[in-house]
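# A structural walkthrough
These are the residues of each chain, in order.
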Amino acid sequence: MEKTYNHKEVEDRILSSWAENGKLKANIDKTKEPYTIILPPPNASGKMHTGNVLMIAIEDLLIRWKRMKGYEVLWVPGTDHAGFETQTTFERELRQQGKSRLDFDRETLYKKIWDFVKENRGLIENQIKRMGASVDWSRYTFTLDDKALEIVNNTFSRMESEGLVYRDDYMVNYCPHCGTTFADLEVRHVTRKDPLYYIKYGPFVLATVRPETKFGDTAIAVHPDDSRYKEYIGKEIEVEGLIGNFKLKVIGDAYVDPQFGTGVVKVTPAHDKNDYEAGKRHNLEIKQVIGLDGKLTNIAGPYAGMKVSEARKVVVEDLKNKGLLVKVDEEYEHAVSVCYKKGHDIEPTILPNWFIKVESLKKPAKEVVEKGEVKIFPKWREITYRRWMEEMHDWPISRQTVWGIRIPAWYSVEDNPSLKVTFLDKSGIVKTGLVSELLATSGLDEIKKGLQSLMAPKDAKYVISRESPGEDFLQETDTFDTWFSSGQWPLITLGYPNSEDFKYFYPTSVLETGWEIIRPWVSRMIMFGIYLTGKPPFKNVYLHGLVRALDGKKMSKSLGNVIDPEKYIEEYGVDTLRMGLISGTANGRDFTFPQDKILGYRNFANKIWNMGRFILMMKERYEGDVPQFESAKLDLKPEDKEILEKLSLTIKAVDENLEKYRFADAGEVIYQFMWHEVADLYIEKVKNREDKDVALSTLIHVYTTCLKLLHPFMPFITEEIWGIMTENKKGLLMNSPWPVEK
RNA sequence: GGGCUCCUAGCUCAGUUGGUUAGAGCAUUCGGUUUACAUCCGAAAGGUCACAGGUUCGAGCCCUGUGGAGCCCACCA
């Protein structure tokens, strides 16, 4: 053995011996109890971050432990198409080539992103392998694999036929210039100075930066406790406007800040997110005053057809002339949403989207956790889950992105003349308009071929089908929210509904993931699992904490505090990084990247390496063969009995802590025992023992048992030493049975 | 603004139904070591458990309040 442990040399070799002889592939063995984990799929085109390392370390620990305990273990690896994130990354590349997504038709863009993902997906897969993850690669699944598409489409179709799907208006970030919607994450917030206009509204004066939307006002809001206006709440007031007088209801709503402006707000549900929410709370009418072309609609009377910026000037001028403008604060600074592409103002707009009714789904999902059918560790995280289950409202599942699973709804062009389409025509020019009108100049095939997006009215007639129902049809261009498909991940990976895997391995044993996705992911998986199979998809949920940067803050590119795990793997080895991270994560709380501990476990790795080296040296000096501890009758000294007893206690403590997902405690127990009991005390005594046969035999037994206990935590070094100690005669450590306390 | 969590040794953190003298790793100081390991061994020092009240025979732990930190969600017309 080398004088120090050289992880670089060892890791590759051990990886290939696991790949050749490790029991990675799960079999359906009905004489054994299954133990299953589905790996939360990392972004297919991304690279490993510290959180992924922690996730893999914990899951591999559980898997290796249960495998050694004799379970039929299955750990399914997979990667995620990461809809929005990937498309953004790809578009960034496009931009460097001076292009944008709007230069391509939908199909071409989709293919280009596919190629991009294919080019990049090898990286994360290799990193998972390099971590020593003992996953079953024969069951590897990508979120856009055919079996995924099939299940997701079928689920949607079934939900639709059971009346759980509907189309309704939803407020989205719409950019009239780009003619498309943006996800919340695509919206930039910039601080800008705009005039704040104080306008007379009947008995009130209120402040607004958007006077041009006044034609869409359907209420006036004040804070319910504002004594200045309390008497008005619930009453209707008469307001003098630019296009005649009109009546507005006064509502009391806590979203109004009495400190701001005059404490009175005009409510425009069609063009402001807050107002929209308030409108829903108070059943207000929605008047769309800005069209998708960015011009005022007919509701604005004489102002119809004006662009927003133009209309604002004219409206202000007219208000002034009518004496309705009280004052203007020119220096008002506020945050404005703009599109990330060119900085156009975002126009919050109501558009038809696809929704799922969650009422019938969330009840049983809440109950399984309350009844303990699904146990959440740590328990205090249950609060997040329960609150979400109470608050959750219907789920908008459509996204206006290309990279994802396209919603399998088809619109007949003939039945839906008011379908609005955007497409690239034969000469590559973008055209937008009603399909009924565009068909006069372009053929339907041309539209189909160049289609970028379509917008169907909320009462459009549609057919649900994976295949085109006929020549006359255009498919919905929206894709499913990523969580709609990843919510079915356990079912997808296990081949729901008929595969043998599904019958044997479902429900899985534990879902291990970060707590920040309780709401979008964990809740959805439970809902879908129960909906489709009657059973939640896992028995336990273990939620690990977030690994924060060295400054105690969340890692982020903009703060420049991101820790690249590669650096640590390179310098200290996989085992050390894994063990270091595990030791930091005791209670599933967030924790700062434990740099010192990683150093400490590097020392530990070297310590156990040298213990092995020393034992080998003693073996060589011993004349003849050391008696086998299990078979030989040994005359044990009290110190031998003592160390065996402590070993037994250690096994017990490790098992108990792992059962409770107390990984750091379990690791600590082995660490203390190996270093401070076996190395510091017992080995020192063995050095001076006359009865070397007994001492050495016991020592070897204790040490190799420790290797087993430590293996799930630090798989590489333990496997390597095991091979040397056993002269490769006992097979791989990873396939060996777990020690039993005596 | 709503919510969750944290504040324990110089640093990173344990402390699992309240119960002797509050622990670990790293760092510090002192000593040791002619060979398993200087990535070692032994020992020491280091804590008003954020602060203020309360409950209790007894509080790091339970309750209330204050202050600070981190994160999630919603964001100012």
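Residues numbered from 1 in each chain as written. Chains lettered and ligands numbered in written order. Predicted model: local features only at pLDDT ≥ 70, side-chain atom pairs only at ≥ 80, totals over all residues. Heavy atoms only, no water.

## Structural notes on the overall build of chain A
Worth spelling out the cut-off: Only DSSP runs of H or I covering at least 4 residues are called helices, and only runs of E covering at least 2 are called strands; the numbering of each starts at the N terminus. The rule is simple: take the accessible area with a 1.4 Å probe, protein chains only, and divide by the maximum for that residue type; under 20% is buried, over 50% is exposed, in between is partly exposed. Contact definition: two residues touch when any of their heavy atoms are within 4.5 Å. The protein chains shown are the only cover counted for residues, whose accessible areas, like all others here, come from Shrake-Rupley with a 1.4 Å probe. When charges are counted, Lys and Arg contribute as positive and Asp and Glu as negative, whereas His and the chain ends are disregarded. By convention, the charge on Lys lies at NZ, on Arg at CZ, on Asp at CG and on Glu at CD.
Broken down by element type, chain A carries 22 helices and 28 strands. Considering only C-alpha atoms, chain A reaches an extent of 110 × 60 × 50 Å along its principal axes. Looking at the 742 residues of chain A, the share that counts as buried comes to 55%. When contacts within chain A are restricted to residue pairs at least 6 apart in sequence, those whose partners lie at least 24 apart make up 78%. For chain A, the exposed surface amounts to about 32,800 Å²; the carbon and sulfur share of it is 49%. Charged side chains of chain A number 105 positive and 112 negative; the gap between the two group centres comes to 1 Å.

## Quick notes on the protein's contact with RNA strand B
Worth spelling out the cut-off: By convention in these notes, a residue is near a molecule or strand provided one of its non-hydrogen atoms lies within 4 Å of it. In protein, a polar contact means a hydrogen-donor-capable atom and an acceptor-capable atom, both N or O and within 3.5 Å, with residues adjacent in sequence counting only if both atoms are side-chain atoms; elsewhere, any N or O pair within 3.5 Å suffices. Amino acids outside the nonpolar list (Ala, Val, Leu, Ile, Met, Phe, Trp, Tyr, Cys, Pro) and the charged list (Asp, Glu, Lys, Arg) are all regarded as polar, and Gly is one of them.
The local shell around RNA strand B holds 46 residues, among which Phe260, Tyr332, Lys554, Asn610 and Trp675 are the closest. When the atoms of RNA strand B within 4 Å of the protein are sorted by group, sugar and phosphate make up 70%. Within the contact set of RNA strand B, a sugar or linking oxygen lies 3.4 Å away from a side-chain nitrogen or oxygen of threonine 208. A distance of 3.2 Å separates a sugar or linking oxygen of RNA strand B from a polar atom in the side chain of asparagine 274. Among the elements that make up the surface near RNA strand B, the one with the highest residue count is helix α20 (residues 663-687) (eleven residues). Partitioning the surface near RNA strand B into residue classes produces 17 nonpolar, twelve polar and 17 charged.

## Considering the packing of helix α8 (residues 359-370) against helix α15 (residues 518-533)
The line we're drawing: In this analysis, axes come from line fits to C-alpha atoms, helices being fitted only over the stretch in contact, and the angle between any two N-to-C directions falls in the range 0 to 180 degrees. Working definition: roughly parallel below 35 degrees, roughly antiparallel above 145 degrees, roughly perpendicular at 65 to 115 degrees, and oblique for all remaining angles.
Two numbers describe how α8 lies on α15: the axes approach to 9 Å, and their chain directions differ by 105°. On the basis of their axis angle, the class for α8 and α15 is roughly perpendicular. Seen from α8, the contacting residues are Leu361, Lys362, Pro364, Ala365, Val368 and Val369; seen from α15, they are Ile526, Met527, Ile530 and Tyr531. When the residues that make up the contact of α8 with α15 are grouped by side-chain class, the tally is nine nonpolar, no polar and one charged.

## Here's the deal with the sheet that holds strand β9 (residues 219-222)
Applicable threshold: For two strands to pair, DSSP has to find at least two bridges joining them.
The strand order across the open sheet formed by four strands is β10-β11-β9-β12, and the pairing between neighbours is mixed. Strand pairing shows two members of the sheet lacking a second neighbour, β10 (236-241) and β12 (264-267), which therefore form its edges. Each neighbouring strand pair of the sheet contributes to a mean axis angle of 35°, computed without reference to strand direction. Bridge count for β9 against strand β11 (residues 244-252) is four bridges, and the pairing is parallel. Within β11, the position partnered with alanine 219 by the bridge is lysine 249.

## With respect to helix α1 (residues 7-21)
Rule in force here: What a helix should span is 1.5 Å times the count of its residues minus one. Here, the arc refers to the directions that run from the helix axis to the C-beta atoms.
Here α1 spans 21 Å end to end across 15 residues, near enough to the 21 Å set by a 1.5 Å rise per residue. Residues of α1 that are buried include every one of His7, Val10, Glu11, Ile14, Ser17 and Trp18, and no others. The arc that holds every buried residue of α1, seen down its axis, measures 140°, which confines them to one face. Exposed side of α1, more than 90 degrees from the buried face: Asp12, Ala19 and Glu20 are the residues found there. On its buried side, α1 packs onto α2 (50-68), α16 (565-572), α17 (574-584) and α22 (715-725).

## Points about the confidence of the model for chain A
Inclusion rule: Scored from 0 to 100, pLDDT records how confident the predictor is in each individual residue.
Taken residue by residue, chain A gives an average pLDDT of 89. The fraction at 70 or more is 97%. Both scores are available for the predicted complex, with the pTM at 0.88 and the ipTM at 0.91.

## With respect to the packing of helix α21 (residues 692-710) against α22
For clarity, the cut-off: Crossing handedness is read from the near helix: turned anticlockwise from the far helix by less than a right angle, it gives a left-handed crossing, and turned clockwise, a right-handed one.
Following both chains from N to C, one finds α21 and α22 inclined at 150°, their axes separated by 9 Å at the closest point. With respect to α22, the element α21 is oriented roughly antiparallel. Where α21 crosses over α22, the handedness of that crossing is left-handed. When α21 is examined against α22, the residues Ile700, Tyr703, Thr704, Leu707, Lys708 and Leu710 are found in contact with a partner set consisting of Thr718, Ile721, Trp722 and Met725. A per-class count over the contact of α21 with α22 returns seven nonpolar, two polar and one charged.

## Let's talk about the environment of threonine 432
Take threonine 432: it is sitting in strand β20 (residues 430-434). Taking the relative accessible area as the measure of exposure, threonine 432 reaches 45% and is therefore partly exposed. In sequence terms threonine 432 and lysine 458 are 26 residues apart; their C-alpha atoms lie 19 Å from each other. Those residues within four positions of threonine 432 in sequence are excluded, and the remaining contacts are Lys420, Val421, Thr422 and Leu438. Reaching out from threonine 432, the side chain makes a polar contact with the side chain of threonine 422 at a distance of 3.3 Å.

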